[in-house]
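If you want the building blocks of each chain, they are given just below.
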Amino acid sequence: MARPELDAADERRLSGQDGEACRFAMRVLHAMAKANGARRFIDVRSAHVDGCLYQGQVSLDFEERLADGGAHVVVPTTLNVGSLDLLHPELYRGPAQTARAARRLMNLYVSMGCSPTWTCAPYQLPGRRPAFGEHVAWAESNAIVFANSVLGARTDRYGDFIDICAALAGRVPESGLHLTENRRGQIVFRIGAIPPKLLDEDVLYPVLGYLLGSRAGTGVPVLQGLPPSTSEDRLKALGAAAASSGSVGLFHAVGVTPEAPTLDDALQGADPIEVVDVTPAMLRAARDSLSTSSGPAIDAVSLGTPHLSLSEFERLTPLLERARPHPDVDVFVSTSAAILAEVEARGWHPVYERAGVTLVVGTCTYVTPMLRARDRVVMTNSAKWAHYAPANVGVDVVFGSLEECVRSAEQGRVWRDPVLWADD
């Protein structure tokens, strides 16, 4: 493996002149650079850390070693969801020992200078968005794909431990999606056969993203035919789904996302590897694969994966004003403390209290034990939640639209909109 070029500052970090924690972080990054064939390192302007979610003793061991070495981040660094809702710690239903370890881990990251944002959607936080073309070190799959695709920033797929190392050094290998040539679209998905009415439904976008990810894998898909006015929330749902069913870190939508004003721009002047004409049958198959239960029963509803945005609350609030969930159905809505503060400022919070909705802050119901033992079938409008929850928390899933989830919660059984997919 070729040795990447090091500038004087890199050499200083590796030699330990900037402290033991920085030396250790730079050693990790240097090994990664050699493995990736990177020729040099580049500066990053910010980081988003996923490793703050407790995964066992190894999580603490790694971070305590950094903390003992005097670790402190050198770029603005946000934190992904933790294992606990610090505003509502009583929601946690796991072992007390695990909760103590999870809190210890969260405190360690804050002690290193990370911002206690506790959200999987840092792009929804005021002042936290990277600029077009800006290099960052973001972890968490949906944050990565949103930063690359919707914002046009540049981050590779950073995982646990690599993310905090990048934040401590302010450097990453120049490889992966930091490089222009690796951002070229490869597979074109043409969606001209999708009925216009369905294109205007929020529920289409996680389904479409799930299809993209399953076909593209680690490649860069290009969508041709999305409406130019496609909202960020729809792009968020699409990207999160594509990063779940595949490992998509970047997609282009012609005429919508910043690196794809034209198809030729998205492809960087090259021919696509493959062209896929998306059919209604493909969408039906992707939609159906998101449910593991076909019966009428549901025990809970979970919304907010990725974390619910303010505009999503704006759509959900009037639905809950008109509906009261059935007493046998638990309803969870996950978001960040920053967005919750905006919800409270707008006077919407009493709607959720009256409806008996559990607002989960700073974590998510598919990554930490919050569901009751009797909650065996859960309905969601999130492809990401539907993809991971069966294995993570041992439940069956019913996938549906936001309105279907709310109406189902009200009726205490699965309710389907009879016309939602009627034209497919």
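Our subject is the structure that appears above.
Residues numbered from 1 in each chain as written. Predicted model: local features only at pLDDT ≥ 70, side-chain atom pairs only at ≥ 80, totals over all residues. Heavy atoms only, no water.

Draft legend 1. Representation of the pairing of strand β10 (residues 300–303) in the model. Burial of β10 is two-sided: the residues Ala300 and Ser302 facing one way and the residues Val301 and Leu303 facing the other way are all buried. In terms of handedness, the path from β10 via helix α12 (residues 310–322) over to strand β11 (residues 330–335) forms a crossover that is right-handed. Here three bridges tie β10 to strand β13 (residues 377–380), and the two strands are oriented parallel to one another. Considered in β13, the bridge of valine 301 is made with methionine 379. (Buried < 20%, exposed > 50% of the residue type's maximum accessible area, 1.4 Å probe, protein only. Helix = DSSP H or I, 4+ residues; strand = E, 2+ residues; numbered from the N terminus. Right-handed = clockwise from strand over helix to strand, strands pointing away. Pairing = 2+ DSSP bridges.)

Draft legend 2. Seen up close, the side chain of aspartate 163. Assignment of secondary structure puts aspartate 163 in helix α6 (residues 162–169). For the buried aspartate 163, which has no salt bridge, the nearest side chain bearing the opposite charge is lysine 384, at an N-O separation of 12 Å. Side-chain polar atoms of aspartate 163 contact the backbone nitrogen of aspartate 50, separated by 2.7 Å. Ignoring any residue separated from it by four or fewer positions in sequence, one finds aspartate 163 in contact with Ala47, His48, Val49, Asp50, Gly51 and Ala139. (Lys, Arg positive; Asp, Glu negative; His and termini not counted. Salt bridge = Lys/Arg side-chain N within 4 Å of Asp/Glu carboxyl O. Polar contact = N/O pair within 3.5 Å; in protein donor to acceptor, adjacent residues only side chain to side chain. Contact = heavy atoms within 4.5 Å.)

Draft legend 3. Main features of the packing of helix α8 (residues 204–216) against helix α9 (residues 232–245). Packing of α8 against α9 brings their axes to within 7 Å, and their N-to-C directions diverge by 35 degrees. When you trace α8 past α9, the crossing you get is right-handed. For the pair α8 and α9, contact is made by Tyr205, Pro206, Leu208, Gly209, Tyr210, Leu212, Gly213 and Ser214 and by Arg234, Ala237, Leu238, Ala241, Ala242 and Ser245, respectively. Across the contact of α8 with α9, the residue classes tally to nine nonpolar, four polar and one charged. (Axes fitted to C-alpha atoms, helices over the stretch in contact; angles between N-to-C directions. Left-handed = near helix turned anticlockwise from the far one by under 90°. Nonpolar A, V, L, I, M, F, W, Y, C, P; charged D, E, K, R; others polar.)

Draft legend 4. Molecular detail of the pattern of salt bridges. One pass over the full model with this rule turns up 26 salt bridges. Between lysine 197 and glutamate 201 there is a salt bridge whose closest N-O contact spans 3.6 Å. Relative accessible area serves as the criterion here: at 37%, lysine 197 is assigned to the partly exposed category. The exposure class assigned to glutamate 201 is partly exposed, which follows from its relative accessible area of 25%. The salt bridge partner of arginine 416 is glutamate 404, with a shortest N-O separation of 3.5 Å. Of this pair, arginine 416 sits in the segment after α16 (402–411) while glutamate 404 sits in helix α16; the two residues are 12 residues apart in sequence, bridging distant segments of the chain. For glutamate 404, a relative accessible area of 3% gives the class buried.

Draft legend 5. Quick peek at the sheet that holds β11. Within the open sheet, the five strands sit side by side as β12-β11-β10-β13-β14. Their pairing is parallel. Strand pairing shows two members of the sheet lacking a second neighbour, β12 (358–361) and β14 (396–399), which therefore form its edges. With direction set aside, neighbouring strand axes in the sheet form an average angle of 25 degrees. Relative to β12, β11 runs parallel, the two being bridged by four bridges. What sits directly across from valine 333, in β12, is leucine 359.

Draft legend 6. Molecular detail of the nonpolar core. In this structure, Leu208, Leu223, Leu226, Leu283 and Trp385 are the most contacted members of the largest nonpolar core, which totals 57 residues. Contributions of two or more residues to this core are made by α5 (141–151), β6 (187–190), α7 (196–199), α8, α9, α11 (280–289), α15 (383–393) and β14. At eight residues, α8 tops the list of elements feeding residues into this core. Membership of the second largest hydrophobic core comes to 47 residues, among which are Phe24, Ala101, Ala139 and Ile164. (Core = buried A, V, L, I, M, F, W, Y, C linked by side-chain atoms within 4.5 Å.)

Draft legend 7. Quick peek at the packing of aromatic side chains. Scanning all chains against the criterion turns up five aromatic pairs. For the ring pair tyrosine 366 and tyrosine 388, a centre distance of 6.0 Å and an interplane angle of 25 degrees mean the geometry is stacked. Taken as a pair, tyrosine 366 in the loop between β12 and β13 and tyrosine 388 in helix α15 lie far apart in primary sequence, 22 residues in all. Note on tyrosine 366: relative accessible area 9%, which makes it buried. Classification of tyrosine 388 by relative accessible area gives partly exposed; the value is 27%. (Phe/Tyr/Trp six-rings, centres within 6.5 Å; stacked < 30°, edge-to-face > 60°.)

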